[in-house]
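# Coordinate analysis (summary)
Single-letter residue listing:
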Amino acid sequence: MYLEPDVSHAVKILIVGHFGVGKTTCIGSISEIPPLQTEEEITEASVGVDDLSGTPDKKTTTVAMDFGRLTLSDQLVLYLFGTPGQERFKEMWEELSRGALGALVLVDPERLDESFAVLDLVEQFGLTYAIGVNQFDGTPDYPYEEVREALNLSRETPIVHCDVRDEQSSAQALIALVKHLMSILG
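These lines cover the structure that appears in this document, whether it is placed above or below. Nothing here was measured: the structure is a model prediction, and the numbers come from that model.

Procedures and definitions
Residues numbered from 1 in each chain as written. Predicted model: local features only at pLDDT ≥ 70, side-chain atom pairs only at ≥ 80, totals over all residues. Heavy atoms only, no water. Helix = DSSP H or I, 4+ residues; strand = E, 2+ residues; numbered from the N terminus. Buried < 20%, exposed > 50% of the residue type's maximum accessible area, 1.4 Å probe, protein only. Contact = heavy atoms within 4.5 Å. Areas by Shrake-Rupley, 256 points an atom, 1.4 Å probe, with all protein chains shown as cover. Pairing = 2+ DSSP bridges. Axes fitted to C-alpha atoms, helices over the stretch in contact; angles between N-to-C directions. Parallel < 35°, antiparallel > 145°, perpendicular 65-115°, else oblique. Nonpolar A, V, L, I, M, F, W, Y, C, P; charged D, E, K, R; others polar. Right-handed = clockwise from strand over helix to strand, strands pointing away. Salt bridge = Lys/Arg side-chain N within 4 Å of Asp/Glu carboxyl O. Disulfide = S-S within 2.5 Å. Patch = residues over 30% accessible without salt bridge, like charges linked within 9 Å, V, L, I, M, F, W, Y side chains within 5 Å.

## Here we look at the overall build of the chain
- When you go through the chain residue by residue, the secondary structure sums to five helices and seven strands.
- Starting at the N terminus and ending at the C terminus, the chain contains elements arranged as β-α-β-β-β-α-β-α-β-α-β-α.
- Buried positions account for 48% of the 186 residues belonging to the chain.
- Taking as baseline every contact in the chain between residues at least 6 positions apart, the subset at least 24 positions apart corresponds to 74%.
- Of the roughly 9,700 Å² of accessible surface on the chain, a fraction of 52% belongs to carbon and sulfur atoms.

## Observations regarding the pairing of strand 4 (residues 76–82)
- The element strand 4 is extensively covered by neighbouring structure, given that seven of its seven residues are classed as buried.
- Where burial is concerned, the two faces of strand 4 agree: the one with Leu76, Leu78, Leu80 and Gly82 and the one with Val77, Tyr79 and Phe81 are both buried.
- Relative to strand 4, strand 1 (residues 9–17) runs parallel, the two being bridged by seven bridges. Looking at strand 4, one finds that isoleucine 15 is bridged to glycine 82.

## Comments concerning the environment of leucine 76
- With respect to the helices and strands, leucine 76 occurs in strand 4.
- Placed 66 residues apart in sequence, leucine 76 and alanine 10 show a C-alpha to C-alpha distance of 5.9 Å.

## Focus: the packing of helix 1 (residues 23–30) against helix 5 (residues 167–185)
- Remark: helix 1 packs on helix 5, axes separated minimally by 8 Å, with the N-to-C direction vectors making an angle of 105 degrees. Classed by the angle they form, the pair helix 1 and helix 5 counts as roughly perpendicular. Residues Cys26, Ser29 and Ile30 of helix 1 form the contact with helix 5, whose own contacting residues are Glu167, Ser170, Ala171 and Leu174.
- Per-class residue counts for the contact of helix 1 with helix 5 are four nonpolar, two polar and one charged.

## Quick notes on the pairing of strand 5 (residues 100–107)
- Among the eight residues in strand 5, seven count as buried, and that is most of the element.
- Examined bridge by bridge, strand 5 and strand 6 (residues 128–134) share six bridges and lie parallel to one another. Paired with valine 107 across the bridge in strand 6 is valine 133.
- The parallel pair strand 5 and strand 6, bridged by helix 3 (residues 116–124), forms a crossover whose chirality is right-handed.

## Digging into the pattern of salt bridges
- Under the criterion given, the structure shown has seven salt bridges.
- Among the salt bridges present, the one from arginine 148 reaches glutamate 145, with a minimum N-O distance of 3.5 Å. Residue arginine 148 and its partner glutamate 145 are both found in helix 4 (residues 144–151); the two are separated by three residues, about one turn of the helix.
- The class for arginine 148 is buried, based on a relative accessible area of 10%.
- Residues aspartate 163 and arginine 165 are paired through a salt bridge, measuring 2.8 Å at the closest nitrogen-oxygen approach.

## Focus: the state of the cysteines
- One pass over the structure, following the stated rule, counts zero disulfides.
- Looking at the unpaired cysteine 26, the closest cysteine sulfur is the one in cysteine 162, lying at 6.5 Å.
- Among the residues examined, cysteine 26 registers a relative accessible area of 1% and is labelled buried.
- Exposure remark for cysteine 162: the relative accessible area of 3% places this residue in the buried category.

## Here we look at a nonpolar patch on the surface
- Residues Leu101, Ile184 and Leu185 make up a contiguous nonpolar surface patch of roughly 280 Å² in combined accessible area.
- Looking at where isoleucine 184 falls in the secondary structure, it is placed in helix 5.
- The class of isoleucine 184 is partly exposed, set by a relative accessible area of 48%.

Written out as structure tokens, the structure reads:
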């Protein structure tokens, strides 16, 4: 029999980003429960619809959402919801953003231009956010200030480098978001 942890605060957090940036991998690396994933194989139907040029080896994609859970302390549990990255699934954002306290926005430093539509949605839904610069194999390590300038971010927006394949690295990105939320909410 599974029992929910006895906590005083359960917080809904979105893990967002453009297509193929690592949202599903992030939730899979950090969730303390087996994550719910709605991954499907990429088929011929995505030709001309999804841009696979930045992720030529990608074989599956999220079609609804991902879900995981992370207990940070006896008082705080994060419920993690990963959004689909494709433009055609942005209708899911309205539902997934309801009740969310904040968002971890994952970005690929070599495809920063693909992050603007995601940042627009995060801001449209009024979510406080932090940026996780996902360091893929061989990705240049751009300084935070260059990323901040390229994405036109305010000085208050936290930016952290992470490798979403690594549990500790993903945890540090989420902790940066939680600390930012706590500084705003008091």
